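Chain residues, written in single-letter form:
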Amino acid sequence: MLTQLTRKDSTTRLPLQEGDKVAVMVNNMGCLSQLEMNNLTKEIVSQLQSLGVSVERVYAGMMMTSLDMRGLHMSVLRLLDPAWLPLLDAPTTAPAWTAPCLLNHFTAGEVLIPNLTLTLTQEKMDHDYIFSEEAQAQTLKACLESVVSQLPRHEQDLNILDTVCGDGDCGSTLMKGITVLSKWMSTLPVTQPRQVLNVLGEVSADAMGGTSGGLYSIMFTAIAASLSSTASSSRKMWAAALRAGCQAISKYGGATQGDRTMLDALVPAVEALEAGSDDDDLRSLLKAMAAAADDGAKMTANMKARSQNRTRVIFPTGTKFT
């Protein structure tokens, strides 16, 4: 289409030259999917840039359609006058005119997005829950480092398992969060578990995406909010916080235990922690929680899925639960 539009032997050609600035309209004739539109729009921009043309604005959408038309209409406007851009950007009530999906910051082969650098949730330090012993902080750090180092080796296995009952991206989705978390490891305030949990919530929401990312974010944020700012690091306090995390998932995800969701593994893990003793060491408590979660996951084999939202969770045993 661009070749036809710029061919020299055409009397109606657009004489594009290197250094020209243009605005492009990509009209979906009616039946192209959003995925197809995005790919075609990217290809149009890339080819124009290969000609040395600067693409200042791109308007992609259904401006004018035809019944069952699987086609694409492209218009290229040479911006001969700088005053045209403000006119293009002016507000309009035209129902089919879309906002520009691309300004003049496009690089061929990649889409530039805003810098989403995370910032720690600011709380009053004198009211924050802080580990009283250095060993506790180092244990938390070691647990996070273990997750960051171990998950990559399971990414493809999780994706393969997910192709059977999902869209095959479980491992990749988790790795998006792990990749961002690994960059934060050296700066995490491990003496302040509430701050760490808030960061985990932000990473889940911003980096992972999807339903699972949203629900993990809800869970971590609810756990952080439920931690007492004055209590000692007790099993009872952490059990209550984890219970609050499960309740938040249920509230916003719409599922309960028995609906064949992640809660069928998470809730038994919390119950195992609640049933433990303050005299139990951390390793024993974690083993009991992992075993309970594994048993809960296996029980879903005979359950009927009743929740519309599918979510996933991974446990130390390597069990994948959908």
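The structure under discussion appears in the preceding block.
What counts, and where the lines are drawn
Residues numbered from 1 in each chain as written. Predicted model: local features only at pLDDT ≥ 70, side-chain atom pairs only at ≥ 80, totals over all residues. Heavy atoms only, no water. Helix = DSSP H or I, 4+ residues; strand = E, 2+ residues; numbered from the N terminus. Buried < 20%, exposed > 50% of the residue type's maximum accessible area, 1.4 Å probe, protein only. Contact = heavy atoms within 4.5 Å. Core = buried A, V, L, I, M, F, W, Y, C linked by side-chain atoms within 4.5 Å. Lys, Arg positive; Asp, Glu negative; His and termini not counted. Salt bridge = Lys/Arg side-chain N within 4 Å of Asp/Glu carboxyl O. Polar contact = N/O pair within 3.5 Å; in protein donor to acceptor, adjacent residues only side chain to side chain. Expected span 1.5 Å × (residues − 1). Pairing = 2+ DSSP bridges. Axes fitted to C-alpha atoms, helices over the stretch in contact; angles between N-to-C directions. Parallel < 35°, antiparallel > 145°, perpendicular 65-115°, else oblique. Left-handed = near helix turned anticlockwise from the far one by under 90°.

With respect to the overall build of the protein
Then comes step 1: Within the protein one finds eleven helices and five strands.
Then comes step 2: Put simply, the protein has 322 residues, and 40% of those count as buried.
Then comes step 3: Counted over contacts in the protein with a minimum sequence separation of 6, partners at least 24 positions apart contribute 72%.

A look at the nonpolar core
Then comes step 1: One finds Leu 174, Leu 188, Leu 197, Leu 200, Tyr 216, Met 219 and Ile 249 to be the most contacted residues of the largest nonpolar core, which totals 39 residues.
Then comes step 2: Those elements that place two or more of their residues in this core are helix H4 (134-150), helix H6 (170-184), helix H7 (193-208), helix H8 (210-226), helix H9 (235-253) and helix H10 (263-275).
Then comes step 3: Among the nonpolar cores identified, the runner-up in size contains 17 residues, and Val 26, Leu 48, Val 55 and Met 74 belong to it.

Overview of the side chain of Glu 56
Then comes step 1: With respect to the helices and strands, the residue Glu 56 is situated in strand E2 (residues 54-61).
Then comes step 2: No salt bridge is formed by the buried Glu 56; its nearest oppositely charged neighbour, Arg 57, is found at 4.6 Å.
Then comes step 3: A polar contact is formed between the side chain of Glu 56 and the side chain of Ser 54, at a distance of 2.6 Å.

Considerations on the pattern of salt bridges
Then comes step 1: Evaluation of the coordinates by the stated rule reveals six salt bridges.
Then comes step 2: Notably, a salt bridge pairs Glu 274 with Arg 243, separated by 2.8 Å at the nearest N-O pair. Placement of the pair is Glu 274 in helix H10 and Arg 243 in helix H9, with a sequence separation of 31 residues.
Then comes step 3: For Glu 274, a relative accessible area of 33% gives the class partly exposed.
Then comes step 4: According to the relative accessible area criterion, Arg 243 is partly exposed, its value standing at 23%.
Then comes step 5: Two residues, Asp 294 and Lys 298, come together in a salt bridge whose shortest N-O distance is 3.2 Å.

Thoughts on helix H2 (residues 34-50)
Then comes step 1: Compared with an ideal rise of 1.5 Å per residue, which puts 17 residues at 24 Å, H2 spans 24 Å between its outermost C-alpha atoms and is within 8% of the ideal.
Then comes step 2: Among all positions in H2, only Met 37, Thr 41, Ile 44, Val 45, Ser 46 and Leu 48 are buried.
Then comes step 3: Residues of H2 that are buried make contact with helix H1 (2-6), strand E1 (21-28), E2 and strand E3 (72-78).
Then comes step 4: Gly 52 lies just past H2 and shows a positive phi near 85 degrees.

Here's the deal with the sheet that holds E1
Then comes step 1: Spatially, three strands are ordered E2-E1-E3 in an open sheet, and the strand pairing comes out mixed. Edge positions in the sheet fall to E2 and E3, since each of these pairs with one other strand and no more. Ignoring which end each strand starts from, the neighbouring axes of this sheet average 15 degrees apart.
Then comes step 2: Where E1 and E3 come together, seven bridges link them in antiparallel fashion.

Quick word on the packing of H7 against H8
Then comes step 1: In contact at an axis separation of 8 Å, H7 and H8 are set at 165 degrees when each is read in the N-to-C sense. With respect to their mutual orientation, H7 and H8 come out roughly antiparallel. As for how H7 packs across H8, the hand of that crossing is left-handed. Residue-level inspection shows Arg 194, Leu 197, Asn 198, Leu 200, Gly 201, Ser 204, Ala 205 and Met 208 of H7 in contact with H8, the latter providing Gly 210, Ser 212, Gly 213, Tyr 216, Ser 217, Phe 220, Thr 221, Ile 223 and Ala 224.

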